[in-house]
Amino acid sequence: MEKSNPSYPDYDVHRFLPDVAEHKLTVLHDDGLYRHLRFQKPGTGFYWFDLITWPGNLAFKGDMGGFMFARITDMFEFFRGSQINPDYWAEKLPDGRDSVRDYSSELFEQQVKEHVAQAILDREAPKGIGRAIRNLFEWGDTTWEDGARGELERFEYKGWRFDEVWEWNFRDYTWQYLWACHAIQWGIGLYDAARERVAVAS
């Protein structure tokens with residue numbers, strides 16, 4: 001049972017912006033498609049990041065790790081906009097989407113609740129299932145993927161069981177990757193605004 005990935009709208013720009021509220025842009029290199037930009041709060045290393053581009057590539061590195069994307073000649077053009085697109089952007093990583101996904105206990109819990117709610121609506125789940133599921137969340141070994149799958153495979157309540165557990169997807173985009181997506185788009189916006197101010201002044 002493949003579920004949609006719900007997390008990245010929850011990690012929105014309003015959570016990202018406080019992390020970079022005092023960041024300043026330093027242009028280390030700027031020659032056409034060859035750029036090296038640094039974004040950092042002066043005097044600290046918290047949440048710093050660099051954007052480095054060359055034809056067809058953009059590298060993000062910093063406090064949140066490193067990611068490299070490859071798609072079009074000018075990768076700033078690829079990332080410009082007002083919305084992040086983690087699904088599509090992850091396809092442009094060398095190792096694809098799986099390289100930036102990890103087990104999410106929150107996604108696990110959401111999927112279990114949705115499945116049980118549907119079973120209740122369909123009158124397939126026995127009475128008292130809600131308490132049994134709460135016990136699963138509270139006492140079950142769900143902090144890692146194999147443990148969570150094992151809990152679902154072993155679960156049984158008054159003859160009711162979860163089906164096709166092997167098809168369920170509990171892997172979600174990492175917080176670091178989602179943060180980097182916001183940072184790339186925000187950093188490009190800051191760079192564009194600085195260039196525009198220079199152009200107006202000249």
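Quantities reported herein were computed from a predicted structural model and do not represent experimental measurements.

Undergrad: Sorry if this is basic, but what is going on with the overall build of the protein chain here?
TA: Scanning the protein chain from N- to C-terminus turns up 8 helices and 7 strands. For the protein chain, the C-alpha radius of gyration of 22 Å lies well beyond 17 Å, the compact-globule estimate for 202 residues. By principal-axis analysis of the C-alpha atoms, the protein chain measures approximately 75 × 30 × 25 Å. Per-residue burial for the protein chain yields a buried fraction of 41% across its 202 residues. Pairs at least 24 apart in sequence give 54% of the contacts found in the protein chain among residues at least 6 apart. Carbon and sulfur atoms provide 49% of the accessible area of the protein chain, an area that totals close to 11600 Å². Put simply, the protein chain has 24 plus and 34 minus side-chain charges, and the middle of one group is 3 Å from the middle of the other.

Undergrad: Please clarify how a nonpolar patch on the surface should be interpreted in this entry.
TA: Nonpolar side chains collect at one region of the surface, where Y34, W54 and M68 lie side by side and expose about 280 Å² of accessible area between them. Within the fold, M68 resides in strand β5 (residues 65–70).

Undergrad: What exactly am I supposed to notice about a negative patch on the surface here?
TA: Taken together, D122, E124, D163, E164 and E167 make up a surface patch of like negative charges. Assignment of secondary structure puts E164 in the loop between α7 (145–154) and β7 (171–173). When its relative accessible area of 46% is taken as the criterion, E164 is described as partly exposed.

Undergrad: Would you explain the nonpolar core in this entry?
TA: Across soluble globular proteins, you tend to see nonpolar side chains buried next to one another. Ranked by internal contacts, the top residues of the largest apolar core, which has 30 residues, are L51, F60, F69, F79 and Y177. Secondary structure elements with two or more residues in this core: β2 (34–40), β3 (49–54), β4 (57–62), β5, α3 (75–79), α4 (86–90) and α8 (175–201). With sequence-adjacent residues up to four places away left out, F69 is seen in contact with G56, N57, L58, M75, F79, W89, K92, L93, Y177 and I184.

Undergrad: Is there a simple way to explain the pattern of salt bridges in this structure?
TA: Side-chain pairs of opposite charge can arise where the charged atoms are in close proximity. This model, assessed by the stated rule, comprises 13 salt bridges. E109 is the salt-bridge partner of K113, the closest N and O atoms lying 3.0 Å from each other. One end of the pair is K113 and the other is E109, both in helix α5 (residues 105–121) and 4 residues apart, which spans about a single turn. Classification of E109 by relative accessible area gives partly exposed; the value is 30%.

Undergrad: Hey, could you run me through α8 in this one?
TA: For α8, built from 27 residues, the straight-helix expectation of 39 Å at 1.5 Å per residue is met to within 8% by its first-to-last C-alpha distance of 39 Å. Of the positions making up α8, those classed as buried are Y177, L178, W179, A180, C181, H182, A183, I184, Q185, G187, I188 and Y191.

Undergrad: Help me out: how do you make sense of the sheet that holds β5 in this one?
TA: What the 5 strands build is an open sheet, ordered β1-β2-β3-β4-β5; its pairing is antiparallel. The open sheet has two free edges, formed respectively by β1 (24–31) and β5, since each of these has just one partner strand. Strand-to-strand twist across the sheet, computed as the mean angle between neighbouring axes with direction ignored, equals 10 degrees. Direction of pairing for β1 relative to β2: antiparallel, over a ladder of 7 bridges. Each bridged residue has a counterpart across the sheet, and for T26 the counterpart in β2 is R38.

About the thresholds
- Residues numbered from 1 in each chain as written.
- Predicted model: local features only at pLDDT ≥ 70, side-chain atom pairs only at ≥ 80, totals over all residues.
- Heavy atoms only, no water.
- Helix = DSSP H or I, 4+ residues; strand = E, 2+ residues; numbered from the N terminus.
- Rg over C-alpha atoms; globule rule 2.2 N^0.38 Å.
- Buried < 20%, exposed > 50% of the residue type's maximum accessible area, 1.4 Å probe, protein only.
- Contact = heavy atoms within 4.5 Å.
- Areas by Shrake-Rupley, 256 points an atom, 1.4 Å probe, with all protein chains shown as cover.
- Lys, Arg positive; Asp, Glu negative; His and termini not counted.
- Charge placed at Lys NZ, Arg CZ, Asp CG, Glu CD.
- Patch = residues over 30% accessible without salt bridge, like charges linked within 9 Å, V, L, I, M, F, W, Y side chains within 5 Å.
- Salt bridge = Lys/Arg side-chain N within 4 Å of Asp/Glu carboxyl O.
- Core = buried A, V, L, I, M, F, W, Y, C linked by side-chain atoms within 4.5 Å.
- Expected span 1.5 Å × (residues − 1).
- Pairing = 2+ DSSP bridges.
- Axes fitted to C-alpha atoms, helices over the stretch in contact; angles between N-to-C directions.

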